[in-house]
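A closer look at the structure
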Amino acid sequence: MSETSQRGFTPTGTISSPKDRRRVVFATVVGTTVEWYDFFIYASAAGLVFGQLFFAPAGEGFAQILAFLTVGISFLFRPLGAFLAGHLGDKYGRRLVLMLTLILMGVATTLVGLLPTYAAIGIAAPILLLFLRILQGISAGGEWGGAVLMAVEHAPRSKRGLFGASPQIGVPLGLLLASGIMGLMAVLAPGEAFLEWGWRVPFLLSVVLILVGYYIRRRVEESPVFTELAERREQTRMPIVQLFRRHALLVVIAALVFAGNNAVGYMTTGGYIQRYATDPEGAVGLSTADVLGAVTLSAVSWLVFTWIAGWLSDRLGRRTTYLAGWILQLVGVFLLFPLVNTANIVLLTVGLVVLTIGLGFTYGPQAALYSELFPASIRFSGVSISYAIGAILGGAFAPTIAQAIVQSTGSTAGVTWYLAGMTVLGLVATLLLRDRSGIPLGPDHEDEQAKSPIYGLSKA
């Protein structure tokens with residue numbers, strides 16, 4: 001079978017060479033790493049300094065709550081970013097949106113590093129901080145869909161899962177980079193120096209990272225699928241309207257698939273485990289350095305299993321890989337808090353690493369799975385909006401829910417059952433979907449793509 005027939009659409013002069021594909025993979029990894037570095041560096045600073053610098057008049061306890069609240073509020077604006085990016089991406093191309101989201105995230109992050117504190121400009125400081133965090137949320141909502149489609153739509157049919165895993169590993173890489181640079185600055189500028197200026201450096205470094213990311217992404221060709229749509233002048237005029245008119249139920253089910261992964265993943269990326277395990281008045285009381293080291297190791301493990309799962313989904317199918325992942329994730333959920341509560345750093349590390357096996361298996365195939373669910377003409381809107389809604393249903397409030405459960409019950413058992421419930425929800429959503437691994441992605445096959453992948457429904 002020829003490469004063109006494997007790809008499932010007619011050549012337009014933009015079929016990727018192996019060199020082009022490697023460039024696409026590299027660009028998606030670098031770009032998403034930079035985006036999530038910016039996103040996670042804010043969460044780190046919110047836990048370390050923002051309460052004191054921007055919300056101090058609210059009182060010590062409530063100031064910290066407000067600082068964390070700005071982290072969560074950004075999730076509510078990710079669907080807006082997904083709507084805007086989906087519309088632009090389906091009308092004007094994936095590459096354009098990737099450039100815009102990268103610039104928006106970088107500008108917002110850099111400005112946070114330059115922002116005067118409450119002591120300097122009063123109430124305007126927290127208002128501006130919140131505004132910049134909202135811009136980060138809009139950018140994050142639009143970034144993922146574009147990166148995913150650039151990777152998957154350039155890929156050979158037999159390697160979509162592997163190529164699609166490249167933007168996925170940007171999350172653990174971004175977490176590693178953000179944690180590492182923030183930790184380095186805490187060493188180079190300890191105590192009051194960190195509070196005065198040290199925390200700003202990681203934000204200002206975003207300028208360098210954005211320039212690198214912009215240069216790399218600019219060298220990547222537009223998705224072949226969109227190029228053919230453009231040449232045929234077949235872009236949908238109102239892609240979001242068409243998406244919800246014909247595929248609303250599919251968007252909900254796809255969002256629930258991601259929510260099952262995201263709620264569990266935000267036990268670490270949202271900072272809950274770090275806070276719970278290091279609370280000196282809590283049941284565990286481990287040192288911050290030890291816990292951060294365990295989280296860092298688990299991020300490496302998460303990266304590895306995400307990549308493996310993407311590769312494996314090309315051989316076993318997306319659905320089978322996901323189903324195995326949900327079982328592994330459920331095992332990890334039930335082991336997590338019993339191991340954390342031993343207050344033994346080795347066992348805590350084991351618990352986090354075991355959890356990341358299932359997390360990787362339910363995250364690695366997601367890019368390929370989502371790309372194969374939606375027709376070419378509205379695909380950007382479909383994957384972006386499903387992802388953004390799933391993030392709200394999953395990770396946005398997961399740390400808050402976990403904290404509320406522990407405070408009201410005095411035990412982590414309820415948190416375990418909450419995470420298990422979200423995992424089962426993701427499992428059920430996956431069972432509702434047919435496996436469409438290898439379905440042609442090009443515009444010649446819109447009729448086939450428009451048939452509903454939901455069991456019990458024959459067409460969109």
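Residues numbered from 1 in each chain as written. Predicted model: local features only at pLDDT ≥ 70, side-chain atom pairs only at ≥ 80, totals over all residues. Heavy atoms only, no water.

**Digging into the overall build of the chain**
The cut-off we apply is this: Helix and strand assignments follow DSSP, with helices taken as H or I runs no shorter than four residues and strands as E runs no shorter than two, numbered in order from the N terminus. Only C-alpha atoms enter the radius of gyration; for comparison, a globular chain is expected to reach 2.2 Å times N to the power 0.38, where N is the number of residues. Each residue is placed in one exposure class: buried if its accessible area under a 1.4 Å probe, protein chains only, is under 20% of its type's maximum, exposed if it is over 50%, and partly exposed if it falls in between. Any two residues whose heavy atoms approach within 4.5 Å are treated as being in contact. Surface exposure here means Shrake-Rupley accessible area, sampled with a 1.4 Å probe, where a residue is shielded only by the protein chains that are shown. By the counting rule applied here, Lys and Arg register as positive and Asp and Glu as negative, while His and the ends of each chain are not counted. In plain terms, the charge of a residue is placed at NZ if it is Lys, CZ if Arg, CG if Asp and CD if Glu.
The number of helices and strands found in the chain is 23 helices and 0 strands. A compact globule built from 460 residues would reach a C-alpha radius of gyration of about 23 Å, and the chain, at 21 Å, matches this within 12%. The principal-axis extent of the C-alpha atoms belonging to the chain is close to 60 × 45 × 40 Å. Taken over 460 residues, the chain has a buried fraction of 57%. A fraction of 81% describes how many contacts in the chain between residues 6 or more apart in sequence connect residues 24 or more apart. Put simply, the chain shows about 17,500 Å² of open surface, and 68% of that area lies on carbon and sulfur atoms. With 31 positive and 25 negative side-chain charges, the chain shows a spacing of 8 Å between the two charge centroids.

**Some remarks on helix H18 (residues 345–361)**
The test is simple: An expected span of 1.5 Å times one less than the residue number is assigned to each helix. Any pair of N or O atoms that falls within 3.5 Å is considered a polar contact. Within protein, one atom must be able to donate a hydrogen and the other to accept it, and sequence-neighbouring residues count only if both atoms are side-chain atoms.
Its 17 residues place the ends of H18 25 Å apart at the C-alpha level, agreeing with the 24 Å of an ideal helix rising 1.5 Å per residue. Residues of H18 that are buried include every one of Leu348, Thr349, Gly351, Leu352, Leu355, Thr356, Gly358, Leu359, Gly360 and Phe361, and no others. Among the structural elements, helix H14 (239–269), helix H15 (272–278), helix H16 (288–316) and helix H17 (318–340) are those in contact with the buried residues of H18. Where H18 begins, the side chain of Asn344 points an oxygen toward the backbone nitrogen of Val346, at a separation of 2.9 Å.

**Points about the nonpolar core**
Put simply, the test is: In this text, buried Ala, Val, Leu, Ile, Met, Phe, Trp, Tyr and Cys residues form a nonpolar core when linked through side-chain atoms within 4.5 Å.
With 106 residues, the main nonpolar core has Phe50, Phe54, Trp199 and Tyr370 as its most contacted residues. Looking at this core element by element, the count peaks at 13 residues for H14. Apart from residues no more than four positions distant in its own chain, Phe50 is found in contact with Tyr42, Ala45, Phe55, Ala67, Val112, Leu129, Trp199 and Phe203.

**Quick notes on the pattern of salt bridges**
Two side chains with opposite charge may pair up if their charged atoms get near one another. Put simply, the rule is: A side-chain nitrogen of Lys or Arg and a carboxyl oxygen of Asp or Glu constitute a salt bridge if their distance falls within 4 Å.
Within this structure, the stated rule accounts for 4 salt bridges. For Glu372, the salt bridge goes to Arg318, with nearest N and O atoms at 3.0 Å. Here Glu372 is found in the loop between helix H19 (366–371) and helix H20 (379–393), whereas its partner Arg318 is found in helix H17, with 54 residues between them in sequence. In this structure, Glu372 and Arg318 share a single accessibility class: buried. Via salt bridges that share partners, Arg160, Asp314, Arg318 and Glu372 belong to a single interconnected network.

**Details of the packing of aromatic side chains**
Think of a pair of aromatic rings as described by two things: how far the centres are apart, and how the planes are tilted against each other in angle. Here is the rule: Aromatic rings from Phe, Tyr and Trp, taking only the six-membered ring of Trp, are treated as a pair when their centres fall within 6.5 Å; an angle between ring planes under 30 degrees marks them as stacked, one over 60 as edge-to-face, and anything in between as tilted.
A full pass over the atoms with the stated rule returns 13 aromatic pairs. Between the aromatic rings of Tyr276 and Phe337, the centroid separation amounts to 5.8 Å while the plane-to-plane angle is 85°, which identifies the pairing as edge-to-face. Of the two residues, Tyr276 is situated in helix H15 and Phe337 in helix H17; the sequence distance between them amounts to 61 residues. Three or more aromatic residues joined by ring pairs form one cluster here, namely Tyr42, Phe50, Phe54, Trp199 and Phe203.

**Quick look at the environment of Arg436**
Topologically, Arg436 is positioned in the loop between helix H22 (413–431) and helix H23 (446–450). When its relative accessible area of 11% is taken as the criterion, Arg436 is described as buried. Sequence separation between Arg436 and Leu369 is 67 residues, and the spatial gap between their C-alpha atoms is 7.7 Å. Look past the residues within four positions of Arg436 in its chain and what remains in contact with it is Glu372, Leu373, Phe374, Glu448, Gln449, Lys451 and Pro453.

**Remarks on the packing of H14 against H22**
The condition is simple: Think of each axis as a best-fit line through the C-alpha atoms, taken over the contacting stretch in the case of a helix, with angles from 0 to 180 degrees between the N-to-C directions. Comment on the angle field: the value is read as roughly parallel under 35 degrees, roughly antiparallel over 145, roughly perpendicular from 65 to 115, and oblique elsewhere. Each crossing gets its hand from how the near helix is turned against the far one by less than a right angle, where anticlockwise is left-handed and clockwise is right-handed. Polar here means any residue other than Ala, Val, Leu, Ile, Met, Phe, Trp, Tyr, Cys and Pro, which are nonpolar, and Asp, Glu, Lys and Arg, which are charged; Gly is therefore polar.
At a minimum axis separation of 7 Å, H14 and H22 run at an interaxial angle of 150°. The angle between H14 and H22 places the two elements in the roughly antiparallel class. By crossing handedness, the relation of H14 to H22 is classed as left-handed. For the pair formed by H14 and H22, the contact residues are Ile253, Leu256, Val257, Ala259, Gly260, Ala263, Val264 and Met267 on the first element and Val415, Tyr418, Leu419, Met422, Thr423, Leu425, Gly426, Ala429 and Thr430 on the second. For the contact of H14 with H22, the residue count by class is 13 nonpolar, 4 polar and no charged.

**A look at the confidence of the model for the chain**
Here is the rule we go by: Confidence scores here are pLDDT values: one per residue, from the predictor, ranging 0 to 100.
Counting all residues, the mean pLDDT for the chain is 83, and 90% of those residues have values of 70 or more. pLDDT under 50 marks residues 1–15. Its contacts with residues more than four places away, or in other chains, come to 39 contacts.

**Notes on the side chain of Asp314**
Structurally, the position occupied by Asp314 is in helix H16. Residue class for Asp314 comes out buried when judged on its relative accessible area of 19%. A polar contact of 2.7 Å, which involves the side chain of Asp314, links it to the backbone nitrogen of Gly161. Discounting residues that sit within four places of it in the chain, Asp314 has contacts with Ser158, Lys159, Arg160, Gly161 and Leu162.

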